[in-house]
Amino acid sequence: YRVWRSSIQAHLSRPDACTLFGLQLVVSPGVLHPRYFASSRLIAGHLLNLDLSGIAVADIGTGSGLLGLLAARAGAHVTATDINPAAAECAGRNAARNGVSDRMLVAQADVFDGLQGHATFQIIVTNPPFYPRHPENAADHAFASGVGHQFFTHLATELPSRLATDGRLLMVHSSDTDFEPISRILEGCGLKGRVVRTRRGLFETLTVREFARAYRT
C-alpha cells in the first residue's frame, strides 16, 4: 500500500475523469480513486453479480460514489455516506452526472450519524478503512480506521438496528492488515462471515467478505 500510494500521489492532486463499469466519474483530490485502488473494483465486481432491484442499499464510506452508483443503476434505493466532506460532495456530483440522483441520497456522515429516520437496509456495502491508526486528515479516513478500529466498532453498534433481518454486510479487506480483530468486532454484534471473492496481487491479497445473521445453503 505505501509503495503504491507514493507512486500515484502525483496523479491524485487534481480532479480526474475516468470511466469504470460504464459509469462516468470525476474524482476530486482527497477522495479515494477507484481507478488506482483495486479494492474498489473488486467489491464493485461482486455487486454487479447481485440482484439489487428495488432493495435498500447503504454505501458506507462512499468515496467517489462508485458502489452506490452501481447499486442505484441496478434499481436499488441507495443511501451513501462519507465522513470526508470532499468525498460526499464528489459522490453527489457523480450521482447527478450518471442520472441516479433520484435513487441515491448522499450525505456527509460518520457511518449513519446524523441521518434522519431509522431506515434498514438489505445490503450494507463498504470499502472500509482498515489500518488501525488515527487519521491524519479528512482524506486519510479512507485508509485509517482509528486506534483499535474505531470505524468498525462504530459500524458494529449500528448494524443490529440498520441491517434488515435477512440483510448482508459486504466489505473488502487487504492482507496488508490483520483481519482477526475486525472479525471479532463484527461477530460481537451477532454476525457471521464468509469469503465470497478473492484477488491475489503483487503486493496484497484482497478479499470480499459477506456478514449476515445466518446463512442458508
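Residues numbered from 1 in each chain as written. Predicted model: local features only at pLDDT ≥ 70, side-chain atom pairs only at ≥ 80, totals over all residues. Heavy atoms only, no water.

S.K.: So, the overall build of the protein chain: which residues are in play, and what are the values?
M.R.: When helices and strands are tallied, the protein chain shows six helices and nine strands. On the principal axes, the C-alpha backbone points of the protein chain span a range of 45 × 40 × 30 Å. Evaluated residue by residue, the protein chain yields a buried proportion of 51% over its 217 residues. Once local pairs closer than 6 in sequence are excluded, the contacts in the protein chain between residues at least 24 apart make up 62%. With the model as given, the accessible surface of the protein chain reaches about 10100 Å², and the carbon-plus-sulfur share is 50%. Here the protein chain carries 21 positive and 18 negative side-chain charges, and the mean point of each set is 6 Å from the other. (Helix = DSSP H or I, 4+ residues; strand = E, 2+ residues; numbered from the N terminus. Buried < 20%, exposed > 50% of the residue type's maximum accessible area, 1.4 Å probe, protein only. Contact = heavy atoms within 4.5 Å. Areas by Shrake-Rupley, 256 points an atom, 1.4 Å probe, with all protein chains shown as cover. Lys, Arg positive; Asp, Glu negative; His and termini not counted. Charge placed at Lys NZ, Arg CZ, Asp CG, Glu CD.)

S.K.: Report on the sheet that holds strand β5 (residues 104–108), specifying residues and quantitative values.
M.R.: Here we have seven strands laid out as an open sheet, ordered β5-β4-β3-β6-β7-β9-β8, and mixed in their pairing. A single partner strand is all that each edge strand has here, and the edge strands are β5 and β8 (192–200). With direction set aside, neighbouring strand axes in the sheet form an average angle of 15°. Two elements, strand β7 (residues 163–174) and strand β9 (residues 205–212), share seven bridges in a ladder whose sense is antiparallel. Looking at β9, one finds that Leu169 is bridged to Phe211. This element, helix α5 (residues 150–162), spans β3 (56–60), β6 (121–126) and β7 of the sheet and lies at about 160° to β7. (Pairing = 2+ DSSP bridges. Axes fitted to C-alpha atoms, helices over the stretch in contact; angles between N-to-C directions.)

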